[in-house]
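Below are the chains, spelled out letter by letter.
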Amino acid sequence: MTKPLDNQPGMRPTASVTPIRPGAESAPVPRRRSPYTAFVLSGGASLGAVQAGMLRALYERDIAPDVLVGTSVGALNAAFVASRPQTPATAAELARVWCNIQREDVFPMSVRALLRGIGGHRDHLVSDRALRDLVGRYIEFKDLAQPAIPVHVVAFDVVEGREVLLSAGPALDAVAASASIPGVFPPVAIGDRRLIDGGVVNNTPISHAVELGAERIYVLPTQSGPRALGRAPRGAVDAALYGLSLLVDGRMAADVTRYSNDVELIVLPATHGLQILPTDFEHSSRLIGQGLAATRELLARREADAPRLAPVLRTGNRSAA
């Protein structure tokens with residue numbers, strides 16, 4: 001159940017936060033069509049470019065979400081498309097944004113900042129000013145509850161030690177919080193909470209889509225299993241993001257197994273096969289192209305198999321693709 005944070009006179013607006021508790025159930029969600037469809041977008045920093053290709057392939061077949069749920073860079077991609085038409089043109093616009101992003105647009109480094117972070121004078125290595133500028137430039141709504149397609153983003157409250165789902169309140173703060181990689185960016189203050197990247201606990205938030213009432217879930221991952229880089233990460237930020245990416249893989253696999261009998265899960269392929277660090281933005285075009293091609297192939301195969309699968313789906317025995 002959503003818990004609004006109290007606004008005090010003179011304070012900026014705060015976001016609505018949904019604490020995630022074992023056994024908690026969300027309020028019923030109005031359905032616009034059947035099956036109620038969610039897009040779930042994983043985190044993955046620069047690897048999030050692959051989702052622009054996946055989204056285009058989905059939109060090409062008139063597959064659109066009733067609700068969007070994202071973590072970290074997946075939250076940013078979800079917020080980008082949430083208030084725009086659900087069309088291939090929107091996905092192409094997102095792809096152009098990705099192709100113009102450089103590492104310095106997200107992770108501007110300075111020797112002074114690194115020394116202050118390493119010396120324990122502050123809790124992060126990189127200012128989040130560039131990240132906030134990037135989010136503010138491309139998100140077309142001020143409040144997370146405004147877009148025509150509902151969008152929800154996942155973060156982690158370091159004070160209370162729990163996962164939270166942000167569904168309303170200042171969009172800039174919410175998306176920045178969901179993408180605030182611990183130790184790299186500072187926690188985002190929303191009311192009394194200090195929020196960091198939701199990927200530390202739920203990088204692919206299938207569970208939230210289920211709780212929001214989704215019956216069909218398209219999962220847009222940024223990677224599929226541990227990736228061999230072929231070289232050691234260079235620098236503290238590279239090492240931190242690569243280490244985080246290794247930690248989050250297990251949760252997605254467990255959730256696919258857990259929910260595959262309850263909802264229809266379609267996990268899109270993130271088989272880019274490239275040895276790319278999450279801080280490397282030089283490969284966005286290739287990631288987008290490969291995400292587009294692989295998703296087109298999967299959707300075409302599903303369409304060809306539909307007559308054979310229809311009797312199975314009618315019995316309610318759904319499985320992950």
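Residues numbered from 1 in each chain as written. Predicted model: local features only at pLDDT ≥ 70, side-chain atom pairs only at ≥ 80, totals over all residues. Heavy atoms only, no water.

## With respect to the packing of aromatic side chains
Reasoning step 1: Tallied over the entire structure, the rule returns 4 aromatic pairs.
Reasoning step 2: Considering the side-chain rings of Phe80 and Tyr138, the 6.4 Å spacing of their centres and the 50° angle between planes classify their relative orientation as tilted. Residue Phe80 is located in helix 2 (residues 73-82), and its partner Tyr138 is located in helix 6 (residues 129-138); the two are separated by 58 residues in the primary sequence.
Reasoning step 3: The exposure class assigned to Phe80 is buried, which follows from its relative accessible area of 1%.
Reasoning step 4: The class for Tyr138 is partly exposed, based on a relative accessible area of 22%.
Reasoning step 5: An angle of 15° between the planes, with centres 6.3 Å apart, marks the rings of Trp98 and Phe281 as stacked. Placement of the pair is Trp98 in helix 3 (residues 88-100) and Phe281 in the loop between strand 10 (264-267) and helix 11 (284-314), with a sequence separation of 183 residues. Taken individually, Trp98 and Phe281 each receive the classification buried, so the pair is uniform in this respect. (Phe/Tyr/Trp six-rings, centres within 6.5 Å; stacked < 30°, edge-to-face > 60°. Helix = DSSP H or I, 4+ residues; strand = E, 2+ residues; numbered from the N terminus. Buried < 20%, exposed > 50% of the residue type's maximum accessible area, 1.4 Å probe, protein only.)

## Some words on the pairing of strand 9 (residues 216-220)
Reasoning step 1: Most of strand 9 sits out of view: 4 of its 5 residues are buried.
Reasoning step 2: Where strand 3 (residues 37-41) lies against strand 9, 5 bridges are found, and the strand directions are parallel. Along strand 9, the bridge assignment pairs Phe39 with Tyr218.
Reasoning step 3: Note that strand 9 and strand 10 share 4 bridges and pair parallel. Within strand 10, the position partnered with Tyr218 by the bridge is Ile266. (Pairing = 2+ DSSP bridges.)

## A look at the confidence of the model for the chain
Reasoning step 1: Chain-level pLDDT for the chain is 80 on average; 69% of the residues reach the 70-or-more range.
Reasoning step 2: Scored below 50 in pLDDT, residues 21-31 makes 11 contacts in the model with residues more than four places away or belonging to other chains.
Reasoning step 3: A low-confidence stretch, residues 311-321 (pLDDT under 50), is modelled with 18 contacts involving residues beyond four sequence positions or located in other chains. (pLDDT = per-residue confidence, 0-100. Contact = heavy atoms within 4.5 Å.)

## As for the packing of helix 1 (residues 50-60) against helix 2
A pair of packed helices is characterised by two quantities: the angle between their axes and the separation of those axes.
Reasoning step 1: One way to put it is that helix 1 packs onto helix 2 with a least axis distance of 11 Å and a crossing angle of 40°. Between helix 1 and helix 2, the crossing angle belongs to the class labelled oblique. Crossing geometry of helix 1 relative to helix 2 is assigned as right-handed. Every residue of helix 2 that contacts helix 1 at Gln51, Leu55 and Tyr59 is listed here: Val73, Gly74, Asn77 and Val81.
Reasoning step 2: Classifying every residue of the contact of helix 1 with helix 2 gives 4 nonpolar, 3 polar and no charged. (Axes fitted to C-alpha atoms, helices over the stretch in contact; angles between N-to-C directions. Parallel < 35°, antiparallel > 145°, perpendicular 65-115°, else oblique. Left-handed = near helix turned anticlockwise from the far one by under 90°. Nonpolar A, V, L, I, M, F, W, Y, C, P; charged D, E, K, R; others polar.)

## With respect to unusual backbone geometry
Reasoning step 1: For Asp62, which is not glycine, the phi dihedral falls at a positive 60°.
Reasoning step 2: Of note, Asp62 is situated in the loop between helix 1 and strand 4 (67-71).
Reasoning step 3: Residue classification places Asp62 among the exposed positions, given a relative accessible area of 73%.
Reasoning step 4: A positive phi is found at Ser72, a non-glycine position, where the angle reads about 60°.
Reasoning step 5: Tracing the chain through its elements places Ser72 in the loop between strand 4 and helix 2.
Reasoning step 6: Look at Ser72 and you get buried, because its relative accessible area is 7%.

## Quick look at the pattern of salt bridges
Reasoning step 1: Tallied over the full model, the rule gives 14 salt bridges.
Reasoning step 2: Notably, a salt bridge pairs Arg61 with Glu303, separated by 2.6 Å at the nearest N-O pair. Separated by 242 residues along the polypeptide, Arg61 in the loop between helix 1 and strand 4 and Glu303 in helix 11 bring together distant segments of the chain.
Reasoning step 3: The exposure class of Arg61 is partly exposed, given its relative accessible area of 34%.
Reasoning step 4: For Glu303, a relative accessible area of 53% puts it in the exposed group.
Reasoning step 5: Glu264 serves as the salt-bridge partner of Arg216, at 2.8 Å between the closest nitrogen and oxygen. With Arg216 in strand 9 and Glu264 in strand 10, this residue pair connects regions lying 48 residues apart in the sequence.
Reasoning step 6: On the accessibility criterion, Arg216 (23% relative accessible area) is partly exposed.
Reasoning step 7: One connected set of salt bridges, linked through shared partners, spans Asp157, Glu160, Arg162 and Arg193. (Salt bridge = Lys/Arg side-chain N within 4 Å of Asp/Glu carboxyl O.)

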